[in-house]
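In case you want the letters, here they are:
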Amino acid sequence: MLSKSIKKLVIILLGDSMKYRKISTITYNEKKFFVFLDDQHKYAFLETRDNKLYYPDLKDVLNLAMIFNYEEKNIFKFKRDKKKKRKYKFRAGVLVAGTILMLSPKFISNLCSTYNIEPNTLVNMFSVENEEEVKQENTSTDEDINQEKNTNVEDLLQDLEEPSYEIEYRYDDRTIRSNYFYEDKENNEIIIYNNIALDKYFGYKDVSLEQIIAAINNNDKIDDKYKPSIIDFVYTMDDYYTNIDWRVFYENIKDMQIKVSTHGTLDDETLAVYSAEYNTMLVKDNLDLSEGTLDSLIFRHELGHGCTEGKFQKSGNTIVCQFANNVFGKYTEEAMTVVFTTRPFLDRYSDELKENMGYPRTANIYTAITSCLDNYEPSEMTCANIDFFIDAIDAKTSYDAVEMVTLIELCSTEFYTGQISVSMEDKNTLSSFIGDLWISNHLSSESTLSEANASKNELLDVINRGFSGQNMIQNNILNSKFNDYIDVNNLEANISNTL
């Protein structure tokens, strides 16, 4: 089991220690890779063969970077600093028990120039450095690398620092990072982590429903036929949830466009899609928003993204609001948006529609998880980013919530793209987490066998709803967890397997 005592790997970038934890083992291109995650939720990969670690082949690194960058398909660009006329070379290294294993500047320079790559897009394993500094500091050669990089896995993961994903305050000439925001002064960009920061950057603390409805009615970029459904969405969501922060939605809806897709922009299975970058929702022609339709469910889902994502120009700054980003949290965001936007409307949907309301494997997991949290409502997606959701999970489990959410992301990537394969050991760990979390929050030592049976069947129904075939959560592990609960609490009979 991946516990809170899992050890770290340290990637060395320009003399700064970027601390990574090992999360999972995946298979890609018929090779096995260790997946590492840093404190800012960026991935790194090392190939493992014969109980040794290797730098990945260039092609594998590029492809893995593309798999885990969901929207930015043109990320590999290297821009020279023409003003300073500096020459750049590149280096990367792995610190193992005090030994630095260094890729040569020549190798990295050739890599970047050949493929026109901006180094920091390569999952944080490469960085820019002044040519003269590289000449003075680097002493390793390609021969050194070939000899040193074959490090035993057990040695690699032994006696390293304990993990931490707390965001610390950091100040320098160009950036300010806190628990609430990240400010890049050089590019005049501010990324919001917690909407407490919006008090400063938006200049107001609250917005009324009357203001929101007026903004909808006054927006001539939205056809009148869509406005009643948007207004109903606002009233129903606000009536169901007590803590929605409507400010991001308000800023979006004042200028949001809803455009009918033309010339096959949307594929046959996509009814609508929202882009925060352009504050535009593309929809299929003749979208049927009558009550209880799949179209109405999807339309509300996309409006839900408009509640948590936004890009705004304020006082010369670009304000970016997002629950997750393109590298980490895509599937968690999609699944949680399903949960967020369907709960208030469940009585309007048929049993058939409830079977699959979008991203079923992942949404089912988060339906189970959120049912265990009395310290977090899905509406809090509008108040803070994924880190605060992870903190809420962490408070309810002995498992490391960062690792569990990352495993959900990796398993979702496997099931929805088919490009990687997560190890069965990691899927079993994830399944154990779900079983333990559910039992600890739905049952007690005073629960009866009948209640335990009913609880197990409820969990299995939630996890397996809406699809057939292989799942990322293993039913046999869940059954085993309930049987363990029966034994520990001295109930008289085991729960019978129902599957």
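Please refer to the structure placed before this passage.
What comes next concerns the included structure. Just so we're clear, the structure is a prediction, and the values are computed from it rather than from any experiment. (Residues numbered from 1 in each chain as written. Predicted model: local features only at pLDDT ≥ 70, side-chain atom pairs only at ≥ 80, totals over all residues. Heavy atoms only, no water.)

## Thoughts on helix α18 (residues 475-488)
Here's step 1: Helix length check: α18, at 14 residues, gives a terminal C-alpha distance of 20 Å against a target of 20 Å (1.5 Å per residue), a fit within 8%.
Here's step 2: By the burial criterion, the buried members of α18 are I477, L478, N479, K481, F482, N483, Y485 and I486.
Here's step 3: Where α18 is buried, its residues meet α16 (424-442) and α17 (449-464).
Here's step 4: Two residues or fewer past α18, N490 is found with a positive phi of approximately 60°. (Helix = DSSP H or I, 4+ residues; strand = E, 2+ residues; numbered from the N terminus. Expected span 1.5 Å × (residues − 1). Buried < 20%, exposed > 50% of the residue type's maximum accessible area, 1.4 Å probe, protein only. Contact = heavy atoms within 4.5 Å.)

## Some thoughts on the pairing of strand β15 (residues 272-275)
Here's step 1: Only one face of β15 is buried, namely the one carrying A272 and Y274, since none of V273 and S275 on the opposite face is buried.
Here's step 2: Counting the residues that bridge the hairpin from β15 to strand β16 (residues 280-283) gives four residues, and of these N279 lies at a positive phi of roughly 50°. (Pairing = 2+ DSSP bridges.)

## Brief notes about the packing of aromatic side chains
Here's step 1: Inspection of the entire model under this criterion finds 19 aromatic pairs.
Here's step 2: Relative to F389, the ring of Y376 has its centre 4.8 Å away and its plane inclined at 45°; by these criteria the two rings are tilted. Of this pair, Y376 sits in the loop between α13 (360-370) and α14 (386-394) while F389 sits in helix α14, and the two are 13 residues apart along the sequence. F389 carries the same exposure label as Y376, and that label is buried.
Here's step 3: Taken together, F202, Y204, Y250 and F312 form an aromatic cluster joined through their ring pairs.
Here's step 4: The aromatic ring of Y331 is capped on one face by K330, whose charged end is 5.7 Å from the ring centroid.
Here's step 5: Sitting above the plane of the F467 ring, R361 keeps its charged end 4.4 Å from the centroid. (Phe/Tyr/Trp six-rings, centres within 6.5 Å; stacked < 30°, edge-to-face > 60°. Lys NZ or Arg CZ within 6 Å of the ring centre and 35° of its normal.)

## Notes on the environment of I26
Here's step 1: You can see I26 is positioned in strand β2 (residues 16-28).
Here's step 2: For I26, a relative accessible area of 0% gives the class buried.
Here's step 3: Not counting the four nearest positions on each side in its chain, I26 is found in contact with K31, K32, F33, V35, F45, L64, I420, S421 and V422.

## Points about the packing of α13 against α17
Here's step 1: Packing of α13 against α17 brings their axes to within 7 Å, and their N-to-C directions diverge by 145°. Of the residues in α17, those in contact with N364, I365, T367 and A368 of α13 are L459, V462, I463 and N464. (Axes fitted to C-alpha atoms, helices over the stretch in contact; angles between N-to-C directions.)

## What about the side chain of R361?
Here's step 1: By the secondary structure assignment, R361 is in helix α13.
Here's step 2: For the buried R361, which has no salt bridge, the nearest side chain bearing the opposite charge is E414, at an N-O separation of 8.8 Å. (Lys, Arg positive; Asp, Glu negative; His and termini not counted. Salt bridge = Lys/Arg side-chain N within 4 Å of Asp/Glu carboxyl O.)

## Quick look at the packing of helix α15 (residues 401-417) against α16
Here's step 1: Put simply, α15 and α16 touch, their axes get as near as 10 Å, and they point 125° apart. Classed by the angle they form, the pair α15 and α16 counts as oblique. Note on packing geometry: the crossing formed by α15 with α16 is left-handed. Here α15 contributes M404, L407, I408, C411, E414 and F415 to the contact with α16, which in turn contributes D426, K427, T429, L430 and F433. (Parallel < 35°, antiparallel > 145°, perpendicular 65-115°, else oblique. Left-handed = near helix turned anticlockwise from the far one by under 90°.)

## Remarks on the nonpolar core
Here's step 1: Among the nonpolar cores identified, the biggest contains 99 residues, and I230, W246, F249 and I369 are the most heavily contacted of them.
Here's step 2: In terms of residues, this core owes the most to one element, α15, which gives eight residues.
Here's step 3: Residues in contact with W246, not counting those within four places in the same chain, are V207, L209, I212, F233, V234, M237, D238 and C307. (Core = buried A, V, L, I, M, F, W, Y, C linked by side-chain atoms within 4.5 Å.)

## Side note on the sheet that holds β15
Here's step 1: One open sheet accounts for three strands, arranged β14-β16-β15; its pairing is mixed. A strand with exactly one partner marks an edge of an open sheet, and here the two such strands are β14 (257-260) and β15. Adjacent strand axes in the sheet meet at a mean angle of 20° when their direction is disregarded.
Here's step 2: Across four bridges, the pairing between β14 and β16 is parallel. Each bridged residue has a counterpart across the sheet, and for V260 the counterpart in β16 is V283.
Here's step 3: Running at roughly 5° to β15, helix α10 (residues 294-308) makes contact with β14, β15 and β16 of the sheet.

## Considering the pairing of strand β4 (residues 43-49)
Here's step 1: With six of seven residues buried, β4 is to be regarded as a mostly interior element.
Here's step 2: Sheet analysis places strand β3 (residues 31-38) next to β4, joined by five bridges and oriented antiparallel. Bridge assignment links L37 to a residue of β4, and that residue is Y43.
Here's step 3: Taking the residues between adjacent antiparallel strands as the criterion, β3 and β4 are bridged by four residues, where H41 takes a positive phi near 65°.

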